[in-house]
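A structural walkthrough
Chain residues, written in single-letter form:
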Amino acid sequence: MLPSHHPLHDIARKVEAGERLSEDDGLRLAASDDLPALGLMAHFVRERMHGDAVYYNVNRHINPTNVCYVGCELCAYADDPNAPGTWSYSPEQCVEMARKDFTPDVSEFHIVGGLHPRWKFEVYVEILRALKSAFPTVHLKAFTMVEIDFLAKLAKQSVPLTIEVLRAAGLDSCPGGGAEIFHPEIRDQIASKKMSADRWLEVTGMVHASGLKSNCTMLFGHIEEPRHWVDHLVRLRAQQDLSGGFQCFIPLAFHPKDTKFAHLPGPDLTTKLKVVAISRLMLDNIPHIKAYWVMLGREIAQVALRFGANDLDGTVIDERVTFAAGGAAGKGMTVDDIRAFIRAAGLRPVLRDTVYNEIEVAG
Ligand code: V47
């Protein structure tokens, strides 16, 4: 794939042979400025795993509240329930919101929010129950590992028992947020009061042991260095070896506006494509890499489909996390937009549900 004089030739050989890359290989990839070579290798792996398919779904985001007592430095969400611009929706209001723009092809609600200082466990349970009862066929992908851990504390019961209660109320799988950057050198600065990396991974193990699938993420393009990406990816890969329930990895491009890092520019094109490619190459045991267009930007997401990504997320109606931090892409894409966008990259759109059952395969 790469000529024998190329400095990454030995890694390309491993990639061709389907061998696992070491942490040191990851560091060399991260240090390389040869973006086309990284793309070539990552696209090779992506084609071996998924051919020319690009998965997408029809989904809606529901953020029940943007009040969060944790106050992560990376986030533009508010920590005070009385601050201007905050919202805290009741279960009925969540259902009302979900009805807006609802069409029968919506197959997923992506539900995340803040750790509300005043809500009881029952509020979160009731949100799931109300949504499931109003939309019994819609998959509820709800609550990151951070929220699951918080809810167990609120409920004063173990994480496995808490997951049981949430499942009975309608929880179908968990999204991948809250992982940020695992390495403490960075985590202590961008999410100083958030749960530790070890706990995030431990809760993941419990979620997977319960039979639920989840996703995983990495927030990049702020104060981290490339070695922190590689550390993060290797930890995710080790967790997947142990518990096996990650479906998809989503590299999240940092949006600085209204965060403690508002002075930073956010990641550039090269960094975004490099992170997507290295993710595909290092995470040999996680099936899907998502080019989350809301955070990467539409045009870069399209190119990322040839740098290792095989999933676009979805129509994403009403996304608010990135929107709060200056993301311009956050107001949804139509199915026709998505399909044309994938075809323009020379690839084949495949409509999926949340757990990657193919709903409709385009020729
Ligand atoms: O957990 C917070 C990140 C995450 C900012 O599982 C920020 O399918 C950029 O996890 N700039 C939420 N990112 C989003 C998320 C996600 C998105 C799409 C699909 C899936 C999935 C998961 O967004 C948070 C945090 O890591 N985030 N603030 C910011 N200023």
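The structure under discussion appears in the preceding block.
The structure reproduced in this document is the subject of the present report. Everything quoted here is computed from the prediction, not taken from an experiment. (Residues numbered from 1 in each chain as written. Predicted model: local features only at pLDDT ≥ 70, side-chain atom pairs only at ≥ 80, totals over all residues. Heavy atoms only, no water.)

**Description of the overall build of the protein**
Of the regular secondary structure elements, the protein holds 15 helices and 10 strands. For the protein, whose C-alpha radius of gyration is 20 Å, the value lies close to the compact-globule estimate of 21 Å for 363 residues. With respect to the three principal axes, the spread of C-alpha positions in the protein is 60 × 45 × 40 Å. The buried share among the 363 residues of the protein stands at 61%. Total accessible area computed for the protein in this model is approximately 14,100 Å², and 54% of it derives from carbon and sulfur atoms. If you average the places of the 39 positive and of the 46 negative side-chain charges in the protein, the two averages end up 2 Å apart. (Helix = DSSP H or I, 4+ residues; strand = E, 2+ residues; numbered from the N terminus. Rg over C-alpha atoms; globule rule 2.2 N^0.38 Å. Buried < 20%, exposed > 50% of the residue type's maximum accessible area, 1.4 Å probe, protein only. Areas by Shrake-Rupley, 256 points an atom, 1.4 Å probe, with all protein chains shown as cover. Lys, Arg positive; Asp, Glu negative; His and termini not counted. Charge placed at Lys NZ, Arg CZ, Asp CG, Glu CD.)

**Re the pairing of strand 3 (residues 108-111)**
Burial along strand 3 is two-sided: E108 and H110 facing one way and F109 and I111 facing the other are all buried. As paired elements, strand 2 (residues 59-62) and strand 3 share 4 bridges and run parallel to each other. The residue of strand 3 that forms the bridge with R60 is F109. Remark: the strand 2/helix 4 (residues 91-99)/strand 3 crossover connection has right-handed handedness. Sheet topology places strand 3 next to strand 4 (residues 139-142); 4 bridges connect them, and they run parallel. Bridge pairing links E108 to H139 in strand 4. (Pairing = 2+ DSSP bridges. Right-handed = clockwise from strand over helix to strand, strands pointing away.)

**Comments concerning the packing of helix 3 (residues 35-50) against helix 11 (residues 269-282)**
Any two packed helices are characterised by how steeply their axes cross, that is the angle between the axes, and by the distance between the axes. Two elements in contact, helix 3 and helix 11, have axes whose closest approach is 9 Å; the angle formed by their N-to-C orientations is 45°. As the angle between them shows, helix 3 and helix 11 are arranged oblique. The interaxial crossing formed by helix 3 with helix 11 has left-handed handedness. Facing L35, L38, M41, A42, V45, R46, M49 and H50 of helix 3, the residues of helix 11 in contact are T270, L273, K274, A277, R280 and L281. (Axes fitted to C-alpha atoms, helices over the stretch in contact; angles between N-to-C directions. Parallel < 35°, antiparallel > 145°, perpendicular 65-115°, else oblique. Left-handed = near helix turned anticlockwise from the far one by under 90°. Contact = heavy atoms within 4.5 Å.)

**Brief notes about the site of the ligand**
Near the ligand lie 24 residues; those nearest to it are K141, G176, E180, H255 and K290. A molecule is said to occupy a pocket when more than half its atoms come within 2 Å of that pocket's grid points, and by this definition the ligand occupies the largest cavity. Going through the elements one at a time, strand 5 (214-220) and strand 6 (246-253) are the ones with two or more residues in the shell around the ligand. Residues of the shell around the ligand, tallied by class, amount to 12 nonpolar, 8 polar and 4 charged. (Near = heavy atom within 4 Å. 1 Å grid on protein atoms, 1.4 Å probe; cavity = no way out; pocket = protein on both sides within 12 Å on 5 of 7 lines; lining within 4 Å. Sits in = over half its atoms within 2 Å of the grid points. Nonpolar A, V, L, I, M, F, W, Y, C, P; charged D, E, K, R; others polar.)

**Things to note about the pattern of salt bridges**
Going through the model one piece at a time under the given rule, you end up with 20 salt bridges. Salt-bridge contacts for R227 lead to E225; the nearest nitrogen and oxygen are separated by 3.0 Å. Residue classification places R227 among the partly exposed positions, given a relative accessible area of 37%. K257 is the salt-bridge partner of D258, the closest N and O atoms lying 3.8 Å from each other. (Salt bridge = Lys/Arg side-chain N within 4 Å of Asp/Glu carboxyl O.)

**Some remarks on the environment of S243**
As for its placement among the helices and strands, S243 is situated in helix 10 (residues 226-243). In sequence terms S243 and G211 are 32 residues apart; their C-alpha atoms lie 9.9 Å from each other. At 2.9 Å, the side chain of S243 and the side chain of H208 are in polar contact. (Polar contact = N/O pair within 3.5 Å; in protein donor to acceptor, adjacent residues only side chain to side chain.)

**Re the environment of P3**
Here P3 is to be found in the segment before helix 1 (9-17). For P3, a relative accessible area of 40% translates into the label partly exposed. Counting along the chain gives 318 residues from P3 to V321, while the straight-line C-alpha distance between them is 43 Å.

**Overview of the nonpolar core**
Counting residues in each nonpolar core, the largest one holds 125 residues, and the members touching the most others are M41, F109, L131, W200 and L312. Apart from the residues within four sequence positions on either side, L312 is in contact with V54, Y55, Y56, K290, A291, Y292, W293, A301, L305, I338, F341 and I342. (Core = buried A, V, L, I, M, F, W, Y, C linked by side-chain atoms within 4.5 Å.)

**Side note on unusual backbone geometry**
Phi is positive for F143, close to 70°, though the residue is something other than glycine. For F143, the position within the fold is in the loop between strand 4 and helix 6 (145-155). Look at D313: it is not a glycine, yet its phi comes out positive at around 65°. In this structure, D313 sits in strand 8 (residues 311-314).

**Comments concerning the sheet that holds strand 2**
Spatially, the 3 strands line up as an open sheet ordered 2-3-4, and their pairing is parallel. In this open sheet, the two strands that pair with only one neighbour each are strand 2 and strand 4. Neighbouring strand axes in the sheet, compared pairwise and without regard to direction, differ in orientation by 20° on average. Most of the contacts of helix 4 go to strand 2, to which it runs at about 150°, and overall it touches strand 2 and strand 3.

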